[in-house]
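Residues per chain are reported as follows:
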Amino acid sequence: MKHVLRVLLCVVVFSGLLFAQQRALYQQTQYKGQEIGKLTGEIYYARMDDYVSVFMVTSEGIILAEPIATEIAAWLEPELARRFNVAVKYVIYSHYHWDHASGGDAYADTARTIGHENMLKGLKMPPANTPLPQNVRAQDTNGNGTIEKSEAQGNLKNQFELYDANKDGVLTGAEIVRGPLLYVHTPELTYTDRVTITLGGKRAELMWKPTGHADDNTIVRFVDGTNVLFASDWITVQRVPFGGDVATKEEIALAKSVEGMDFEYFVCSHGKLGKKADVISNIKYREELRDAVAKAIAAGQSLEQVRNSVLMENYRNWEFYDQQLPQNVAGTYRALMGDR
Ligand SMILES: [Zn+2]
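In this report, we go over the structure that sits alongside the text. Bear in mind the structure is a predicted one, so any value in this text is a computation, not a measurement.

**Considerations on the pattern of salt bridges**
Thinking step 1. Overall, the coordinates contain 19 salt bridges when judged by the stated rule.
Thinking step 2. Residue Glu205 pairs with Arg194 through a salt bridge whose shortest N-O separation is 3.0 Å. Of this pair, Glu205 sits in strand S11 (residues 202–208) while Arg194 is found in strand S10 (residues 194–199), placing the two residues eleven residues apart along the sequence.
Thinking step 3. For Glu205, a relative accessible area of 13% translates into the label buried.

**Remarks on the coordination of the zinc ion**
Thinking step 1. All of the protein donors around the zinc ion are His95 (NE2), His97 (ND1), His213 (NE2) and Asp233 (OD); their distances to the metal are 2.1 to 2.2 Å.
Thinking step 2. Its four donor atoms give the zinc ion angles of 88 to 175 degrees at the centre, a pattern that matches the irregular case.
Thinking step 3. Its relative accessible area of 0% is what places His95 among the buried residues.

**Quick look at the pairing of strand S12 (residues 218–222)**
Thinking step 1. Within S12, five of the five residues are buried, which leaves the element mostly enclosed by the surrounding structure.
Thinking step 2. Residues of S12 alternate between two faces, with Thr218, Val220 and Phe222 on one and Ile219 and Arg221 on the opposite face, all of them buried.
Thinking step 3. Between S12 and strand S13 (residues 228–231), which pair antiparallel in sequence order, lie five residues; one of them, Gly225, sits at a positive phi of approximately 65 degrees.

**Observations regarding the packing of aromatic side chains**
The description of an aromatic ring pair uses the distance of the two centres, along with the angle that the planes make with each other.
Thinking step 1. Under the counting rule described, the total for this entry stands at seven aromatic pairs.
Thinking step 2. Here Tyr44 and Phe55 contribute two aromatic rings whose centre-to-centre distance is 5.4 Å and whose plane-to-plane angle is 10 degrees, an arrangement assigned as stacked. Of this pair, Tyr44 sits in strand S2 (residues 43–48) while Phe55 sits in strand S3 (residues 51–58), placing them eleven residues apart in sequence.
Thinking step 3. Owing to a relative accessible area of 11%, Tyr44 belongs among the buried residues under this scheme.
Thinking step 4. Directly above the aromatic system of Phe263 lies the positively charged group of Lys276, at a separation of 4.8 Å from the ring centroid.

**Considering the pairing of S3**
Thinking step 1. S3 sits mainly inside the fold: eight of its eight residues count as buried.
Thinking step 2. Residues Tyr51, Ser53, Phe55 and Val57 point to one face of S3 and Val52, Val54, Met56 and Thr58 to the other, with burial holding for every one of them.
Thinking step 3. Pairing between S2 and S3: six bridges, direction antiparallel. Each bridged residue has a counterpart across the sheet, and for Met48 the counterpart in S3 is Tyr51.
Thinking step 4. Where S3 and strand S4 (residues 61–64) come together, four bridges link them in antiparallel fashion. Among the inter-strand pairings, Val57 is bridged to a residue of S4, identified as Ile62.
Thinking step 5. Between S3 and S4, which pair antiparallel one after the other, the connecting turn spans two residues.

Calculation criteria
Residues numbered from 1 in each chain as written. Predicted model: local features only at pLDDT ≥ 70, side-chain atom pairs only at ≥ 80, totals over all residues. Heavy atoms only, no water. Salt bridge = Lys/Arg side-chain N within 4 Å of Asp/Glu carboxyl O. Helix = DSSP H or I, 4+ residues; strand = E, 2+ residues; numbered from the N terminus. Buried < 20%, exposed > 50% of the residue type's maximum accessible area, 1.4 Å probe, protein only. Donors = N, O, S within 2.8 Å, 3.2 Å for Na, K, Ca; no water. Tetrahedral: all angles 85-135°; square planar, octahedral: opposite > 155°, others 65-115°. Pairing = 2+ DSSP bridges. Phe/Tyr/Trp six-rings, centres within 6.5 Å; stacked < 30°, edge-to-face > 60°. Lys NZ or Arg CZ within 6 Å of the ring centre and 35° of its normal.

Laid out in structure tokens, this is it:
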């Protein structure tokens, strides 16, 4: 129990490090290779391995849902120019995390970037005196409070340059907590609640849906004759959602607010392409999880017992069942206990 609470605390405090680790997880999935495919009307998806973005082609240019990462942008930018003969005019940031918002530079000649105003907060450098996160302190072998290149291990070693915002060859606590954001840039345009982009007579609606995962979370609904909704790192398609906050009152209400929207195709930033039915299944999973954990708590079970008894059998074939269910259960347990 103590261990679990410590893990949950790390999730909140050291998100820069946590989200760096996520990509390694996604690289293990069955989805491989680069691909552009048509969804409906003039809406297409672009995939590189597990990562998926969506774009709309109009007579006046392209609106792209997220750049994802530098290597994806390096492939996609020339590919879009070659196939569609119009320039990318808008690049939307779904949220500030490095593995979704890096690479916007590739489109800088023709496009403007746009994100929710909270993205600015996510990109801000924490105070200079921010200590090294607990889980990397062991790497500081000379005990000087920073991680030199020769000390870095794991993600800090692999992504040293991306963490090193001021490029001085040393990682401070602030740089590590902020995350590997070197290639994530401040959006040129920001919005507060919702905004509609019109290009070539077609609309893309951006809506703010602040989640536990990202408080700058933007979803995109492609409106005219298309019926496609894109949401990043949140509502997953036949995949157990990521993290601990998935079945809180707020998260369920937020997911339900999407279900009521007008769309047919649903694209999460990861894994399988979906339809509205997948969004409904995702919400159902969250509600069943909440109910199962509540029932176990009412029966007097401890967190350890709840983890062993809430198995969500109907979802055993969903991706990330083994990895994410324990986190989902622990987070839901914590949220429900907190409500009492
Ligand atoms: Zn994310």
